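Residue-level structure breakdown
Read off the chains here:
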Amino acid sequence: MSTPGVTGEDAAARSARERAERESQRIQHEHSDVTGGWLRPAVFGASDGLVSNFALIAGVTGGTNDSNAVLLAGLAGLAAGAFSMAAGEFISVRSQAEQALAEIELERAELKRNPAGEERELAQMYVAKGLDADLAREVARQLSRDPEQVLDVHVREELGISEDDLPSARLAAGSSFASFAVGAFLPVLPYLFGATSLWPALVLTGAGLFLCGAFVTRLTPRPWWYGGGRQTLVGAVAAAVTYGVGALVGASGLT
């Protein structure tokens, strides 16, 4: 028995619209890691801090036996790297957000200039998703009643983003700064307690790299041991190369 005042066509259109909205939400969820947040800059900031600062310390150690010089280089590398990472992340994420906002404004202007054409385009999108042509046109017509709602739908469907979900440049920069500083601090820590050789820093950094690499696998289909081992190997290669460069410079008498 049908509900009074609701035709079968209206019920079908409402059902189709709900399906379309669920599909939009599903697409948004799939792209949530791409549009921003703190996890990516935090994870990779810590990894960069570990690799770059340990490599720097290894290079200085290769050229001199002065632990004070090594400590100074490590602290300078921590500060410079953290500020550089934060600045780069801020500019990158801010530029990405500004580009997205520009695309959204283009879509807004197009909806004002050619609403009928945009409605037909939206209907064709839903047909491509499997809706019947008549239902797709009805869904597009009803969605187009609200300019802001139909703009959000077009942006999600065409660009894969939402104006409300754009990444925060400040959050990304802050996460990158803090995580890089923490990662870069580990190789320096033994020297603050009087270490005179590279081995304590090597052990701490190796453990940090393995844990960081294992954690990164949460964002990938790789097993944790693969990510941890790969990250440790990359750090070891970088440190070995810079140590060798430092040793050559030290042996040449340039220090």
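Just so it is clear, the model here is predicted, and its values are computed rather than measured.

Cut-offs applied
Residues numbered from 1 in each chain as written. Predicted model: local features only at pLDDT ≥ 70, side-chain atom pairs only at ≥ 80, totals over all residues. Heavy atoms only, no water. Core = buried A, V, L, I, M, F, W, Y, C linked by side-chain atoms within 4.5 Å. Buried < 20%, exposed > 50% of the residue type's maximum accessible area, 1.4 Å probe, protein only. Helix = DSSP H or I, 4+ residues; strand = E, 2+ residues; numbered from the N terminus. Contact = heavy atoms within 4.5 Å. Phe/Tyr/Trp six-rings, centres within 6.5 Å; stacked < 30°, edge-to-face > 60°. Lys NZ or Arg CZ within 6 Å of the ring centre and 35° of its normal. Salt bridge = Lys/Arg side-chain N within 4 Å of Asp/Glu carboxyl O. Axes fitted to C-alpha atoms, helices over the stretch in contact; angles between N-to-C directions. Left-handed = near helix turned anticlockwise from the far one by under 90°. Nonpolar A, V, L, I, M, F, W, Y, C, P; charged D, E, K, R; others polar. Expected span 1.5 Å × (residues − 1).

Describing the nonpolar core
Residues Leu122, Tyr126 and Leu143 are the most contacted members of the largest nonpolar core, which totals 17 residues. Of all the secondary structure elements, the ones that give two or more residues to this core are α4 (67-113), α5 (115-128), α6 (133-143) and α7 (147-159). Once residues lying within four places of it in the same chain are set aside, the contact partners of Leu122 are Ala140, Leu143, Val150, Val153 and His154. In terms of nonpolar packing, the next biggest core, distinct from the first, is built from ten residues, Ile57, Tyr191, Leu198 and Ala239 among them.

With respect to the packing of aromatic side chains
Applying the stated criterion across every chain yields a total of three aromatic pairs. For the ring pair Phe210 and Trp224, a centre distance of 6.0 Å and an interplane angle of 85° mean the geometry is edge-to-face. Taken as a pair, Phe210 in helix α9 (residues 199-216) and Trp224 in helix α10 (residues 224-252) lie far apart in primary sequence, 14 residues in all. In this arrangement the basic side chain of Arg222 is found over the ring face of Tyr226, its NZ or CZ atom lying 4.5 Å from the centre.

Points about the pattern of salt bridges
If the charged atoms of two oppositely charged side chains come close together, the side chains can form a pair. Overall, the coordinates contain eight salt bridges when judged by the stated rule. Note that Glu98 and Arg94 form a salt bridge whose closest N and O atoms lie 3.5 Å from each other. In this pair, Glu98 and Arg94 both sit in helix α4, four residues apart, roughly one turn of the helix. You can call Glu98 partly exposed: its relative accessible area is 45%.

Observations regarding the packing of helix α3 (residues 39-63) against helix α8 (residues 169-192)
At a minimum axis separation of 7 Å, α3 and α8 run at an interaxial angle of 35°. Considering how the two elements wind past one another, α3 and α8 form a crossing that is right-handed. Seen from α3, the contacting residues are Pro41, Ala42, Gly45, Ala46, Asp48, Gly49, Leu50, Ser52, Asn53, Phe54, Ile57 and Thr61; seen from α8, they are Ala172, Ser175, Ser176, Ser179, Phe180, Gly183, Ala184, Leu186, Pro187, Val188 and Tyr191. When grouped by side-chain class, the residues that make up the contact of α3 with α8 number 13 nonpolar, nine polar and one charged.

Points about α9
For α9, built from 18 residues, the straight-helix expectation of 26 Å at 1.5 Å per residue is met to within 8% by its first-to-last C-alpha distance of 25 Å. Turning to α9, its buried residues number three or more, namely Ala201, Thr205, Gly208, Leu209, Cys212, Gly213, Ala214 and Val216.

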